[in-house]
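# A closer look at the structure
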Amino acid sequence: EKRRDEMAHAVNNRVHVRAECKPLEHRVAISPANARALIDAGYVVDVESWADRCFKDSDYAAAGCNIVPNGSWPDAHRDSFILGLKELPDSDTPLTHRHIYFAHCFKHQHGWVELLSRFRNGNGLLLDLEFLVDDAGRRVAAFGRAAGLAGSAVGILAWCQQQLRQNDSEVLGRLTPAETVHALAEDVAQRVALVKEKTGRVPRVLVMGAKGRCGRGAVEFLRLAGLTEIGEWDMEETAKGGPFPEILEYDVFVNCIYLMGQIPPFLTTELLNREGRKLSVVVDVSCDYTNPHNPLPIYNASTTFLDPTVRVEGTSPTSGPAVDLVSIDHLPSLVPRESSEDFSNELQATLLQLRSWADAAVGGETGGSLATDHSKGVAVWARAAELYAKKLQEAAHAV
């Protein structure tokens, strides 16, 4: 009731673009050009100053945005929609605003109850970017293609490092953002050429979930880098259920599936200990290690751009080479400008309808149903708000 009353009196045209607190993150949910379009449509756009963002503060200022202090979102105007990408800073402070970002809590990931409790305690609202879907259930905006592109790139670089290293303890070092996807592909192709010159080998790569956005991006990048030995698996190939010994025949395995529920694991430590294994690099683009249904139960921690790989424990030297695993949960930041522009362009039509949804929303903590405006963009926000209400109830029952 309180949220409904507040929304009824809110001015719903203010968007506050927060700086990201995640180390080595460079992306942003809205480009300067699309921020300008919001302003032209009657929105007020506040953008936090942030030196690491792929667009400069001056780009947003030139577009007509207000530049506000870094980290000022907790004190933003009460009616502001707080727009970000990755997780909020760790805290137990109640969340009072309407937040739009990838919260990674609706699938019961680690800490989901605590995060949703912060929203409940502050009478805030979470409109999760991952669950902004159209009438057909398809996400209106996603970083999937860029995640697949970057995942393939890091996987091949890790494999090349394995082939070129002097001893088993040498691993892939710090990754730095690329200006463009094509520049990244050229760099990877050069590394592959060095390995081929030294060993005569090129990697065989299996992409799981190859027909989705992420998988298509992974395959696209491999071809850009000049690789041809690519296995493309999707639901038809995995219908029998894992584990899948066929994965062991490849050098690099790139997992790009979108996990919706419990499925048999793709790989297990037992399977990795089969003799004759060629597999030496696993890239978990999906990065679902905190999900209770994780299909790759061979690791339990994410990796970073500073330390891109972790050695999979429990594998026998007699079964094959050591296995290095990549699990970076913000891979698109390897190509931050391109990925941000693509995401912003996909999100823009829906973002422009944010005020219409908020003005029309009636009832419940979510403001979740529609009054009169049934446009596609408005319906997207309504579904997201209704889902939040459902997950809020689940969290309350889980306490």
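What counts and how
Residues numbered from 1 in each chain as written. Predicted model: local features only at pLDDT ≥ 70, side-chain atom pairs only at ≥ 80, totals over all residues. Heavy atoms only, no water. Buried < 20%, exposed > 50% of the residue type's maximum accessible area, 1.4 Å probe, protein only. Helix = DSSP H or I, 4+ residues; strand = E, 2+ residues; numbered from the N terminus. Arc of directions from axis to C-beta. Contact = heavy atoms within 4.5 Å. Phe/Tyr/Trp six-rings, centres within 6.5 Å; stacked < 30°, edge-to-face > 60°. Pairing = 2+ DSSP bridges. Axes fitted to C-alpha atoms, helices over the stretch in contact; angles between N-to-C directions. Core = buried A, V, L, I, M, F, W, Y, C linked by side-chain atoms within 4.5 Å.

### Notes on helix 2 (residues 32-40)
P32, N34, A35, L38 and I39 are the residues of helix 2 that are buried. One face of helix 2 carries all of its buried residues, which in axial projection span an arc of 160 degrees. In this structure, helix 2 carries A33 and D40 as exposed residues pointing more than 90 degrees from its buried face. The inward-facing, buried residues of helix 2 abut strand 1 (14-17), strand 2 (44-48), helix 3 (57-62) and helix 10 (336-351). Two residues or fewer past helix 2, G42 is found with a positive phi of approximately 105 degrees.

### Side note on the packing of aromatic side chains
Taken as a whole and assessed by the stated rule, the structure comprises nine aromatic pairs. Measuring from centroid to centroid gives 5.4 Å for F106 and F131, while their planes differ by 40 degrees, and the two rings are tilted. Placement of the pair is F106 in the loop between strand 5 (98-101) and helix 4 (112-122) and F131 in the loop between strand 6 (125-128) and helix 5 (144-164), with a sequence separation of 25 residues. Each member of the pair, F106 together with F131, is buried. With a centroid separation of 6.1 Å and 75 degrees between ring planes, the pair formed by F119 and Y388 is classed as edge-to-face. Here the residue F119 occupies a position in helix 4, and Y388 occupies one in helix 12 (residues 376-398), the gap between them amounting to 269 residues. Given a relative accessible area of 1%, Y388 falls into the buried group. Aromatic ring contacts, followed pair by pair, group F102, F143 and F343 into a single cluster.

### Thoughts on the sheet that holds strand 12 (residues 324-326)
Here six strands make up an open sheet; going across it, the order is 8-7-9-10-12-11 and the pairing mixed. Of all the strands in the sheet, just strand 8 (230-233) and strand 11 (309-311) have a single pairing partner and so form its edges. Direction aside, the axes of adjacent strands within the sheet are offset by 20 degrees on average. Of the pairings in the sheet, the one linking strand 7 (residues 205-208) to strand 9 (residues 252-255) comprises four bridges and is parallel in character. Bridged to V205 within strand 9 is V252.

### Brief notes about the nonpolar core
Among the nonpolar cores identified, the biggest contains 59 residues, and V45, L116, L126, L127, F343, L354 and W357 are the most heavily contacted of them. The dominant element in this core, judged by the number of residues it contributes, is helix 12, at nine residues. One finds A150, V154, A185 and I230 within the second-largest nonpolar core, a separate group that totals 44 residues.

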